[in-house]
Amino acid sequence: MSIQFTKMHGLGNDFMVLDGVSQTLPETGPPWPSDVLARLADRHTGVGFDQLLLIQPAHGDADFCYRIFNADGTEVGQCGNGARCVARFVRDKGLFDGHTLRLETHSGQMQLRITDDGLISVDMGAPRWQLDQIPFVAKAEADSYLIVAGTNAHEVSAVGLGNPHCVLLVENVDQAPVAEVGPLLSQHERFPEQVNVGFMQIIDRSHIRLRVFERGVGETRACGSGACAAVVCGQRRGLLDDSVSVQLPGGTLQIHYAGTHITMTGPACAVYDGVLPYPDPVCP
Ligand SMILES: N[C@H](CCC[C@H](N)C(=O)O)C(=O)O
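Residues numbered from 1 in each chain as written. Predicted model: local features only at pLDDT ≥ 70, side-chain atom pairs only at ≥ 80, totals over all residues. Heavy atoms only, no water.

Colleague: Sorry if this is basic, but what is going on with the site of the ligand here?
Modeller: By nearness alone, 15 residues border the ligand, and N13, G80, R215, G224 and S225 come closest of all. The side chain of R215 places a nitrogen or oxygen atom 2.6 Å from an oxygen atom of the ligand. Separating an oxygen atom of the ligand from a side-chain N or O atom of S225 is a distance of 2.6 Å. Burial of the ligand by the protein chains amounts to 100% of its free accessible area of 360 Å². Those elements that place two or more of their residues in the shell around the ligand are α2 (80–92) and α4 (224–236). A class-by-class count of the residues in the shell around the ligand yields three nonpolar, 10 polar and two charged. (Near = heavy atom within 4 Å. Polar contact = N/O pair within 3.5 Å; in protein donor to acceptor, adjacent residues only side chain to side chain. Areas by Shrake-Rupley, 256 points an atom, 1.4 Å probe, with all protein chains shown as cover. Helix = DSSP H or I, 4+ residues; strand = E, 2+ residues; numbered from the N terminus. Nonpolar A, V, L, I, M, F, W, Y, C, P; charged D, E, K, R; others polar.)

Colleague: Sorry, what's going on with the state of the cysteines here?
Modeller: By definition, a disulfide links the sulfur atoms of two cysteine residues through a covalent bond. Enumeration according to the criterion identifies zero disulfides in this entry. The closest cysteine sulfur to the non-disulfide-bonded C79 is located on C223, 7.3 Å from its own sulfur. Here C228 stays unpaired: no disulfide links it, and the sulfur of C223, its closest cysteine neighbor, is 8.7 Å away. (Disulfide = S-S within 2.5 Å.)

Colleague: Explain the confidence of the model for the protein chain here, please?
Modeller: As a note on interpretation, predicted positions should not be read in detail where pLDDT is low. When the pLDDT values of the protein chain are averaged, the result is 96; 100% of them are 70 or greater. Across the interface, the model reports ipTM at 0.91; the global pTM reads 0.97. (pLDDT = per-residue confidence, 0-100.)

Colleague: Please clarify how the UniProt feature "site: Important for dimerization" (unreviewed entry) in the protein chain should be interpreted in this entry.
Modeller: As recorded in UniProt, the sites labelled "site: Important for dimerization" (unreviewed entry) are Y272. Ignoring anything within four residues of it in the chain, the contact list for Y272 reads F5, T6, K7 and V47. (UniProt positions renumbered as here; feature names shortened; annotations may be inferred. Contact = heavy atoms within 4.5 Å.)

Colleague: Help me out: how do you make sense of the pattern of salt bridges in this one?
Modeller: This structure, assessed with the given rule, holds 13 salt bridges. For R67, the salt bridge identified is with E75, shortest N-O distance 2.7 Å. Under the relative-accessibility criterion, E75 is labelled partly exposed at 30%. Taken together, the salt bridges that share partners define one network made up of K7, D14, R43 and D50. (Salt bridge = Lys/Arg side-chain N within 4 Å of Asp/Glu carboxyl O. Buried < 20%, exposed > 50% of the residue type's maximum accessible area, 1.4 Å probe, protein only.)

Colleague: Sorry if this is basic, but what is going on with the environment of G73 here?
Modeller: Here G73 lies in the loop between β4 (64–70) and β5 (75–76). Assessed through its relative accessible area of 13%, G73 is described here as buried. Discounting chain neighbours no more than four positions away, the residues touching G73 are S34 and L37.

What follows is the structure, given as structure tokens:
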């Protein structure tokens, strides 16, 4: 018995994609215990990835469901770049030939479409501003909040996209204190489930640059839900228009939000197919 996987990425945010639909996965996992997952995610002891995406048969009226595990082994409810890779995967592997793909995750259902130019457009749903929907601890919902982390106070916006995000404005992303401030905010007590931290530089009303320190991973080369979070937070602060190009270290995503659902459009690439040893996916 062996476990087939595909290594994929969306603008350098990389994934190990496991097909639990056309292959029978062993009882012993996936998903594996978080310490095994973390060794598999490690770029020296395992395959190496930011997130593991496990595709399974849908329970409800979706086409598939997919589970998302961060590099530290924690399971989360949303992954925008990952959703695009799942769409590319099921199309390329012949598991789906329809026009609009419905994917179910722990945080709800999303619809995806493969556009004629090979990009993938994802309906990321509506932003959740209510504090308990993020979740975030504050006296009242606001456009921005002051958070003391370390020896500094930071003005952040906070929003839920099925996973928690906070966004702060910086003059220049190249000099943003991602390594210093990212971990402090990501594990701040006012975010009970921790948070993904976006550092946004506004170029003009339809262009931003963004770096993201991801919960359970660290800084990634791109973050799809982070790009969506940055745009809606910028719009809420009156700084951005409906359609915004988000330039991340790994490339550019197009985000559109005009008050109903957020649409994210971008690429998804398969790198190689591989086989995991069985029954232990990594050396014990
Ligand atoms: N890279 C993903 C985000 C993963 C977020 C994950 N780090 C979390 O803990 O929610 C994306 O493209 O949306």
